[in-house]
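Structural overview
Given next are the chains, with one letter for each unit.
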There are 2 protein chains.
Amino acid sequence: MADEQLTLGRFLCFAIYSANHAFNRVYKPLLDKLGLTYPQYLVMVILWEDDDQTVGRIGERLYLESSTLTPLLKRLEAAGYLRRERDMSDERQVRVRLTDSGRQLRGQAAVLPGCIIEASGLGIEKLQQLQGDVSRLRDALMTFGQDDEASGK
Amino acid sequence: MADEQLTLGRFLCFAIYSANHAFNRVYKPLLDKLGLTYPQYLVMVILWEDDDQTVGRIGERLYLESSTLTPLLKRLEAAGYLRRERDMSDERQVRVRLTDSGRQLRGQAAVLPGCIIEASGLGIEKLQQLQGDVSRLRDALMTFGQDDEASGK
DNA sequence: GCATATTGAGTTTTTTGCGATTTAATCGTG
DNA sequence: CACGATTAAATCGCAAAAAACTCAATATGC
């Protein structure tokens, strides 16, 4: 029973870990053409959905700290895809906005999700269900972490 | 239809990406006590299952290249958990073997999977099903990548 | 038996990611 | 208003991961 749990628990985390790698490998050649890395692509996706967000808000959605995002955003700024400007009314915040070049990239990136769906070899329903299950798992894991902090300290 | 695909494909990869992060965060405090990182833990798990493997074989099972594994294995060697020795009969290969200290670590790591199962908040059946689904997704993505190389080049 | 191809690890460099600390701006309270 | 507390982002230092490339050992073809 204990051994059974051992095996199961180990393998779900490994399945997620290796599936993440596999996604990376499929995305890599496609993203190379756009000059983006995978985390950079995720930031662009967020901005294509809602332009003009603060660093903190982007971090909330991607679960990343400012220490990770700041250099990443600077690289995207250097590539000409976005601008970083202090908010007028609250100068602690930095607002991130797409440039024309960044908006144009969206068209070129539009083929990506289709490629991924094809590569997954799964139907839309199954993909949708998996996305829901994995997202709920993530939320449970994150909640657990917070509980731990609250009770442990 | 095209837009629907866009959203789905994007979010499944993000669900996996963020779930992987969440696993990392849950594992981190537990692994810190053992002086291991998450990928280092995965290597140890493989060696606990089958000791005395080559770098290449470990890479096959974890889907990692030697460029990733070599530095990682050197750190584990420096920590005293394993030894790396050239194979006598084929000196291109390096055989990786646990030390006594590395074998002892298994006992301390035994609590981890239970913690992860608890953190996931899911039942054994659901975990098992998810593990299967995500593993199959990974295999499909990897097969696609290989097809791509074979036909594309 | 020798030249070439292939294989297996290692090296180098860039990006990612986190924790701890720092700086600057804003908020609250007296 | 002024003081300290809080917030947002940036910086620094570090470990890790991934890709491109190199190097050495073995295998293969002639």
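Everything here concerns the structure above.
Notes on the structure follow. Quick caveat, the model's predicted, so the values are computed rather than measured.

**Things to note about the pairing of strand E3 (residues 94-98) of chain B**
Residues and elements named next belong to chain B. Burial of E3 is one-sided: the residues Val 94, Val 96 and Leu 98 facing one way are buried, the residues Arg 95 and Arg 97 facing the other way are not. The sheet contact formed by strand E1 (residues 53-54) and E3 spans 2 bridges and is antiparallel. Across the sheet, Thr 54 pairs through a bridge with Arg 95, a residue of E3. Here 5 bridges tie strand E2 (residues 82-86) to E3, and the two strands are oriented antiparallel to one another. For Arg 84, the partnering residue across the bridge sits in E3 and is Val 96.

**Description of the protein's contact with DNA strand C**
The local shell around DNA strand C holds 28 residues, among which A:Thr37, A:Arg75, B:Ser67, B:Lys74 and B:Arg84 are the closest. Each atom of DNA strand C within 4 Å of the protein was classed as base or backbone; sugar and phosphate made up 71%. A distance of 3.3 Å is found between a base oxygen of DNA strand C and a side-chain nitrogen or oxygen belonging to A:Ser67. For the surface near DNA strand C, the secondary structure elements donating two or more residues are helix H2 (38-49) and helix H4 (66-78) of chain A together with helix H1 (2-32), helix H3 (55-62), helix H4 (66-78) and E2 of chain B. Class assignment for the residues of the surface near DNA strand C results in 6 nonpolar, 12 polar and 10 charged.

**Details of the packing of H2(A) against H4(A)**
Residues and elements named next belong to chain A. For the pair H2 and H4, the least separation of the axes is 11 Å and the interaxial angle reads 80°. Comparing their axes, H4 and H2 come out roughly perpendicular. Two secondary-structure elements touch here, H2 through Pro 39, Gln 40, Val 43 and Met 44 and H4 through Leu 69, Leu 72, Leu 73, Arg 75 and Leu 76. Residue composition of the contact of H2 with H4, by class: 7 nonpolar, 1 polar and 1 charged.

**Section: the environment of B:Gln40**
All names here are of chain B. Assignment of secondary structure puts Gln 40 in helix H2 (residues 38-49). Residue classification places Gln 40 among the buried residues on the basis of a relative accessible area of 8%. Distance in space between the C-alpha atoms of Gln 40 and Leu 72 is 6.8 Å, their sequence separation being 32 residues. Among the polar contacts listed, one links the side chain of Gln 40 to the backbone nitrogen of Thr 37, at a separation of 3.0 Å.

**A short note on the sheet that holds strand E3 (residues 94-98) of chain A**
Strand order in the open sheet formed by 3 strands is E1-E3-E2 (chain A), with antiparallel pairing between adjacent strands. Of all strands in the sheet, those with a lone pairing partner are strand E1 (53-54) and strand E2 (82-86) of chain A, marking the two edges.

**Side note on the packing of aromatic side chains**
The full count for this structure, using the stated rule, is 14 aromatic pairs over all chains. With a centroid separation of 6.3 Å and 10° between ring planes, the pair formed by A:Phe14 and B:Tyr63 is classed as stacked. Separated into two different chains, A:Phe14 in helix H1 (residues 2-34) and B:Tyr63 in the loop between H3 and H4 make up a pair that spans both. Note on accessibility: A:Phe14 and B:Tyr63 belong to one class, buried. Seen in terms of ring centroids, A:Tyr27 and A:Tyr41 are 5.5 Å apart; in terms of plane orientation they differ by 45°. Their pairing is tilted. Taken together, the positions of A:Tyr27 in helix H1 and A:Tyr41 in helix H2 put the pair 14 residues apart, joining distant regions of the chain. By the burial criterion, A:Tyr27 is buried, and A:Tyr41 matches it.

How each quantity is defined
- Residues numbered from 1 in each chain as written.
- Chains lettered and ligands numbered in written order.
- Predicted model: local features only at pLDDT ≥ 70, side-chain atom pairs only at ≥ 80, totals over all residues.
- Heavy atoms only, no water.
- Buried < 20%, exposed > 50% of the residue type's maximum accessible area, 1.4 Å probe, protein only.
- Helix = DSSP H or I, 4+ residues; strand = E, 2+ residues; numbered from the N terminus.
- Pairing = 2+ DSSP bridges.
- Near = heavy atom within 4 Å.
- Polar contact = N/O pair within 3.5 Å; in protein donor to acceptor, adjacent residues only side chain to side chain.
- Nonpolar A, V, L, I, M, F, W, Y, C, P; charged D, E, K, R; others polar.
- Axes fitted to C-alpha atoms, helices over the stretch in contact; angles between N-to-C directions.
- Parallel < 35°, antiparallel > 145°, perpendicular 65-115°, else oblique.
- Contact = heavy atoms within 4.5 Å.
- Phe/Tyr/Trp six-rings, centres within 6.5 Å; stacked < 30°, edge-to-face > 60°.

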